[in-house]
Structure formats: structure tokens, C-alpha cells
Amino acid sequence: MKLVEQIKQPILQEMELFESKFREAMATRVPLLNRITHYIVRRKGKQMRPMFVFLVAKMVSNGNFSERTYRGASLIELIHTGSLVHDDVVDESNRRRGFFSINALWKNKIAVLVGDYLFSKSLLLSIDNEDFDLLKLISVSLKDMTEGELLQIEKARKLNITEDVYFEIIRQKTATLIAACCGIGAASVGSDKEEIEKMRLFGELIGTAFQIKDDLFDYTDAKIGKPTGIDIKEQKMTLPLIYTLNNCSEKEKKWLVNSVKNHNKDKKRVKEVIAFVKENGGIEYTITKMKEYQFKALAILEKYPKSIYKDSLLMMVNYVIERKI
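Residues numbered from 1 in each chain as written. Predicted model: local features only at pLDDT ≥ 70, side-chain atom pairs only at ≥ 80, totals over all residues. Heavy atoms only, no water.

Enquirer: Where do I start with helix α3 (residues 31-42) in this structure?
Expert: Think of an α-helix as 3.6 residues a turn; residues three or four steps apart then line up on the same face. When the terminal C-alpha atoms of α3 are compared, their 17 Å separation across twelve residues agrees well with the 16 Å that a helix rising 1.5 Å per residue should span. Buried within α3 we find Leu-33, Ile-36, Thr-37, Tyr-39, Ile-40 and Val-41. Where α3 is buried, its residues touch α2 (12-26), α5 (67-90), β2 (99-100) and α6 (102-128). (Helix = DSSP H or I, 4+ residues; strand = E, 2+ residues; numbered from the N terminus. Expected span 1.5 Å × (residues − 1). Buried < 20%, exposed > 50% of the residue type's maximum accessible area, 1.4 Å probe, protein only. Contact = heavy atoms within 4.5 Å.)

As C-alpha cells, this is what we get:
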């Protein structure tokens, strides 16, 4: 059994029912929109975010969950899916998980409108059911995601990202949504503010580790669905490169900056940058930082009594940093 399937075992029934509820949440009377949302649902990923919602809800409540938990998972997945549709437009990407993206098949205008539709459906799902606490958690994430994307674009122009700015960008771009998953999971079963915040922090820590792992893939030769060096080509300053820039000579720093700024489309030069980062400790340092976040996340889980839901969350934390894709 694959690790993701093992993680899902304690919430298998909930995840199956969630899929039908999620399809209902996206339903519309517009035939074109129905065709597109059907295309999206058929090409779903691992659904890690809803898994976080259900596992946290069940861990903190000794196996309980409610209809609000299903709505919270749908809320997250609507926001996540809408953001991916918009991301593909922003990044001018024609592929998503090995399939054509919405903008590739139906053009940018329709893709933007589909993303907007998914965001509006998430808002209505919360408002119609008066889940205002869940709505607040996801609204903070949506604001963070937009700010993080714009901050990264601004800094990429100058290539002056410090380590602190890097961590702020990935907190906003990636970690904030996984934080919302865990906070919403706890809130959906009536946890108090302290526990909701503790779970939100757990999600933020593991979400940060998740993104650091993603950034490390840019320096590996594994087949992961995106070419090696794509972040360098897009002038994205990730932790391996930031560390190397801060720990090399002035002459080497000028060469690195010049390479990323002016030769980022040159495959040979990009390979040289990757080799330089590897030779100068960028990968080892990044792995160390990723594990720091992993251990902090595991420390939060340690305080909860043993359960099958806690076991799955422990596996999830380890999977995030050990995954091959």
C-alpha cells in the first residue's frame, strides 16, 4: 500500500463522501462551467489539504467530526483549486499535473472567470451556513497568498531576497493554506481558540517544510514533473541559492547574480549555477532548515494522545519531506 493511501485509511469513508460533496459545491447551471469543473474534479491530485482537515478534526475531538468538517474541507479545496487555475494564468503554464491547464484549453479569460467562480462559491458556502469562523480563517489565507505572490514578483526583479523575506514569501504563498486546513479542522469540531491556533501553527510549520522540499526539487535530477532549474529560469530566489549567495566571495556572488539575471535561459549556465550551489553547501543547509520545521511540527503533535488519526498526521509530516515528487 502506498504511503498516501496508508495516511488516508482512518478517514477513507469521509474522503469518499467529501468528493461527492465537493462536486455538489461546484455545481452550476452554466453548461460550459460544468464541463470545466468536471474536468478539474477528474484530474484531482492527492487531496492532501482535505486530508489535513479531517485528520486534525478527528485527532483533536477523539474521532468526532461534523457536517461543518465537510464544509471546511470543501471550502479549502475550492480556494486551492481556484488559486491553481489563476496561478497557471499568471505563470503562463499550459500543463498542470501532466494534463492541459484550464487556460491552455479554454484560454485566459475563461480561466480567470473560473477561478473567480470557485472563490465566490467558497464564500457562499460559508455565508449560507453561517460558518463565519471558518470563513475568517480562509480569508486570511487568501489575503496572504496574494501578498506572497506579489512580494515574490517584486523581489525577483531586484534579486535581493534575504532569508527572512524568503520565509515570509513561502509562509504566505504555501504555508498559510495548510495552516488554514488545520485551523479549520480544529474549529469545525468546536475546539477553543488556543487549540485552533496551535493546529494552525502546526499547519504553518509543515506547510513551510513542504515548500522548502519543493524548492529542493529544482536541484535534483529526479523526474518530478518539472524540469531541473526551472526556478532559476524564472528568477525565483529560493533558499539553496540565497544561502550560497550569502556565503561566497564577492566575485562569485557577482557571477551568480549575473547568471540568474542575464543568463537564466542558457541551459549550460543554469547547470553551472546548480553545480555551484551544490558544491557550496546550499543543499545541506536547506535540508537542515527544512528538518527544523519538521521537528517543530512533530513537537506539537507529541502532546496529543496516541490515536490512528495522530499516527496518520505523523506519517503526513514525514511524507512531506521524504516525498519524491
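Enquirer: Honestly, the packing of aromatic side chains in this entry has me stumped. Any pointers?
Expert: The geometry of two aromatic rings is summed up by the distance between their centres and the angle between their planes. By the definition in use, this model includes nine aromatic pairs. Residues Phe-52 and Phe-202 carry aromatic rings whose centres are separated by 6.5 Å and whose planes lie at 70° to one another, so their mutual orientation is edge-to-face. In this pair, Phe-52 sits in helix α4 (residues 48-60) while Phe-202 sits in helix α9 (residues 193-216), placing the two residues 150 residues apart along the sequence. Assessed through its relative accessible area of 0%, Phe-52 is described here as buried. Phe-202 sits in the buried class, given a relative accessible area of 0%. Taking NZ or CZ as reference, Lys-21 lies 5.2 Å from the ring centre of Tyr-70, over its face. The side chain of Lys-296 reaches across the aromatic face of Tyr-293, ending 5.5 Å from its centre. (Phe/Tyr/Trp six-rings, centres within 6.5 Å; stacked < 30°, edge-to-face > 60°. Lys NZ or Arg CZ within 6 Å of the ring centre and 35° of its normal.)

Enquirer: Got a minute to help me understand the environment of Gln-152 in this structure?
Expert: In this structure, Gln-152 sits in helix α7 (residues 132-158). Judged by relative accessible area, Gln-152 falls into the buried class, the value being 12%. Considered as a pair, Gln-152 and Gln-235 are 83 residues apart in the sequence and their alpha carbons are 9.8 Å apart. Here the side chain of Gln-152 touches Lys-173 through a polar contact of 2.8 Å, side chain to side chain. (Polar contact = N/O pair within 3.5 Å; in protein donor to acceptor, adjacent residues only side chain to side chain.)

Enquirer: Looking at this model, I keep getting lost on the packing of helix α11 (residues 239-246) against helix α12 (residues 250-262). Mind explaining?
Expert: Each packed pair of helices is defined by two parameters, the angle between the axes and the distance between the axes. Running from amino to carboxyl end, α11 crosses α12 at an angle of 145°, the nearest separation of the two axes being 9 Å. For α11 against α12, the interelement crossing comes out left-handed. Here Leu-241, Thr-244 and Leu-245 of α11 come into contact with α12, specifically with Lys-253, Leu-256, Val-257 and Val-260. Here the contact of α11 with α12 is composed, by residue class, of five nonpolar, one polar and one charged. (Axes fitted to C-alpha atoms, helices over the stretch in contact; angles between N-to-C directions. Left-handed = near helix turned anticlockwise from the far one by under 90°. Nonpolar A, V, L, I, M, F, W, Y, C, P; charged D, E, K, R; others polar.)

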